[in-house]
Amino acid sequence: MGYLSTRLSFLSLAWSEPGLHVVKHVAHVSVFVTFILIFTLASGVLNGKPSVVVGKDLTPQQPVNDQQKEHVAEGAEAKQDQDHNAGDEKEGKPPPSGSVNDGIPQPLLFILQVLRFLPVLALPQSIFNFLGLTLFNAFPRRAKLKGSPLLAPFVCLRVVTRGDYPDLVRTNLARNLETCQRVNMENYLFEVVTDKKMELPEHKRVRQVVVPSSYRTKSGALFKARALQYCLEEDVNLLSDTDWIVHLDEETLVTEACLRGILNFVIDGQHQFGQGLITYANESIQNWFTTLADSFRVADDMGKIRFQLRVFHKPLFGWKGSYVVTQVGAERRVTFDHGPDGSVAEDNFFGMVAQRDGYSFNFIEGEMWEKSPFTIYDFLQQRKRWLQGLLLVVHSRQIPLKTKWLMTLSLYSWLTMPVAMASLALTAVCPVAVPGIINYVAAFVGSVNIYMYIFGVIKSFRVDRLGWGRMLACIAGALVTMPFNMLVENVAVIRGLFGNKHKFYVVKKLPLFDSSAANIA
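Described below are features of the structure shown in this document. As the structure is a prediction and not an experimental result, all values here were calculated from the model. (Residues numbered from 1 in each chain as written. Predicted model: local features only at pLDDT ≥ 70, side-chain atom pairs only at ≥ 80, totals over all residues. Heavy atoms only, no water.)

**Some remarks on the pattern of salt bridges**
Counted under the stated rule, the structure contains 20 salt bridges. The residue Asp249 makes a salt bridge to Lys224 at a minimum N-O spacing of 3.0 Å. Taken together, the residues span a long stretch of sequence, with Asp249 in strand S4 (residues 244-249) and Lys224 in helix H8 (residues 223-231) at a distance of 25 residues. Since its relative accessible area comes to 16%, Lys224 is described here as buried. Lys320 is the partner of Asp301 in a salt bridge, and the nearest nitrogen-oxygen pair spans 2.8 Å. Of the two residues, Asp301 sits in helix H11 (residues 295-312) while Lys320 sits in the loop between H11 and strand S6 (324-327), which places them 19 residues apart along the sequence. Exposure remark for Asp301: the relative accessible area of 2% places this residue in the buried category. (Salt bridge = Lys/Arg side-chain N within 4 Å of Asp/Glu carboxyl O. Helix = DSSP H or I, 4+ residues; strand = E, 2+ residues; numbered from the N terminus. Buried < 20%, exposed > 50% of the residue type's maximum accessible area, 1.4 Å probe, protein only.)

**So, the nonpolar core**
Ranked by internal contacts, the top residues of the largest apolar core, which has 103 residues, are Leu157, Phe190, Phe273 and Met368. The dominant element in this core, judged by the number of residues it contributes, is helix H17 (residues 436-460), at nine residues. (Core = buried A, V, L, I, M, F, W, Y, C linked by side-chain atoms within 4.5 Å.)

**Quick look at the packing of aromatic side chains**
Under the definition given, this model contains 23 aromatic pairs. Both rings, one in Phe32 and one in Phe130, keep their centres 5.2 Å apart while their planes meet at 55 degrees; by these two values the pair is tilted. Of the two residues, Phe32 is situated in helix H2 (residues 21-42) and Phe130 in helix H6 (residues 123-135); the sequence distance between them amounts to 98 residues. Accessibility expressed as a relative area gives 0% for Phe32, which makes it buried. A centroid spacing of 5.0 Å and a plane angle of 85 degrees characterise the contact between Phe128 and Phe307, whose relative ring orientation is edge-to-face. Taken together, the residues Phe128 in helix H6 and Phe307 in helix H11 connect sequence positions 179 residues apart. Across the pair, exposure class does not vary: Phe128 and Phe307 are buried alike. Taken together, Phe32, Phe35, Phe39, Phe130, Phe444 and Tyr451 form an aromatic cluster joined through their ring pairs. The ring of Tyr188 has Arg205 sitting right over it, with the charged end atom 4.3 Å from the ring centre. Positioned over the ring face of Phe136 is Arg310, at 5.1 Å from the centre of the ring. (Phe/Tyr/Trp six-rings, centres within 6.5 Å; stacked < 30°, edge-to-face > 60°. Lys NZ or Arg CZ within 6 Å of the ring centre and 35° of its normal.)

**Description of the side chain of Asn176**
Looking at the element boundaries, Asn176 is found in helix H7 (residues 166-182). Residue class for Asn176 comes out buried when judged on its relative accessible area of 2%. Within the structure, Asn176 has its side chain in polar contact with the backbone oxygen of Thr252 (distance 3.3 Å). Ignoring any residue separated from it by four or fewer positions in sequence, one finds Asn176 in contact with Phe190, Thr252, Leu253 and Val254. (Polar contact = N/O pair within 3.5 Å; in protein donor to acceptor, adjacent residues only side chain to side chain. Contact = heavy atoms within 4.5 Å.)

**A word on H11**
For an α-helix the count is 3.6 residues per turn, leaving residues at separations of three or four pointing the same way. In this model, H11 (18 residues) spans 25 Å end to end at C-alpha, consistent with the 26 Å of a helix rising 1.5 Å per residue. Bending of H11 peaks at approximately 35 degrees at the position of Arg306. When you tally the buried positions in H11, you get 15 out of 18 residues, the bulk of the element. Among the residues trailing H11, His313 stands out with phi positive, at a value near 55 degrees. (Expected span 1.5 Å × (residues − 1). Bend = angle between axes of the 7 residues up to and from the residue.)

The following block contains the structure:
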């Protein structure tokens, strides 16, 4: 037992060696592709078991149920009565049918077949996730600075808060300042934008901006969008158009790796907007369910978001509101002043408008740290707000369809999740025949989404700290929580569709992070 433990410990350290980036990526891609094939085989798509063509006769070697056995027997009898059947056909009578659809009323059959096509809505984002996780190294080397921090453009790290958690803001501000010093940054400033004035330490690199309660934007922007727009007003803004802004949430911790990535991005200067990876399983974990559920978001960053920003340089499916890097001049031209409809998912509305106006985006190396919601209720409310905000984005007349069509498909794949899940249950009881390609699409979409939970855990947790045993336990935990996560997502969809869409729920945050295990290199 001691020998096995020693060997596993050695493998954990070996797997975490800095030089194994290519090896780890090749292993990940191999497992990913193998998982898709095994999942497809297990789903019965490649072995010919299901009936996959509408109206195609079932001729299995081993009938699956009594109804199909009767069809096979009727087929044998039909062969003996061929002449009689031919006569019936001449008289306009339909021949006996061996289709799996027999016995299903036509209206119900049509509904069930339409529901089986729903996975097609999620196909584009599944393809982007697959390509992003395979074509680009999923375990990249630590970014190296392309130039001296002394020569980098000025960077404003902007934290937006309501001011409800001043201890949290002060603690993270101090930690983030220390991290900037370790990277030898010189041209930077932290700007805390708050609705309520807070007691912050006097520091030459810290500026507090209090948004007046009387402030109104021209279009009536609300919530976070209102605060962000206030910072862009002529009498408030201190930045030049060539400076840069890094948008952070109040719980966001920067790392040395992400700061190097940001410096490289702004020194390069080829793109006006950028975004990077956020992970949620760092330091103390407040809620294992929500943290494991958010492992999907980690994979989404490394897959879909990375692929769309690196290849197309556009947020085709949208992006997040934190770890956003913008050039000041471009941000001021796009603005956050897009009315109430652009105030719930202000990040995605901003991204769509910037894409519409022809601005360029890219993916930034290095990760930032955040926390998953501390309660399942907050998790539900967070997803509900996202869904409602995205509904307002995709239905806005300010954004043309050619800009938002992929986001629309992605959103409606989320909206139809409850009926898609119901159709799977109905299919087990009342199977229907569909074109074979639909089964392949469903298997691909399902396998990609399941594997993303696995990859998200591997990317979030370090095996040299946990060991292989606990790492496997975390992977198993993510897979176990997946059905419950889908249930919560379904509830969020139902509540989001029928609730007030112009509300901005802010998840609860602890007043202090446990920094006992701080290591944000």
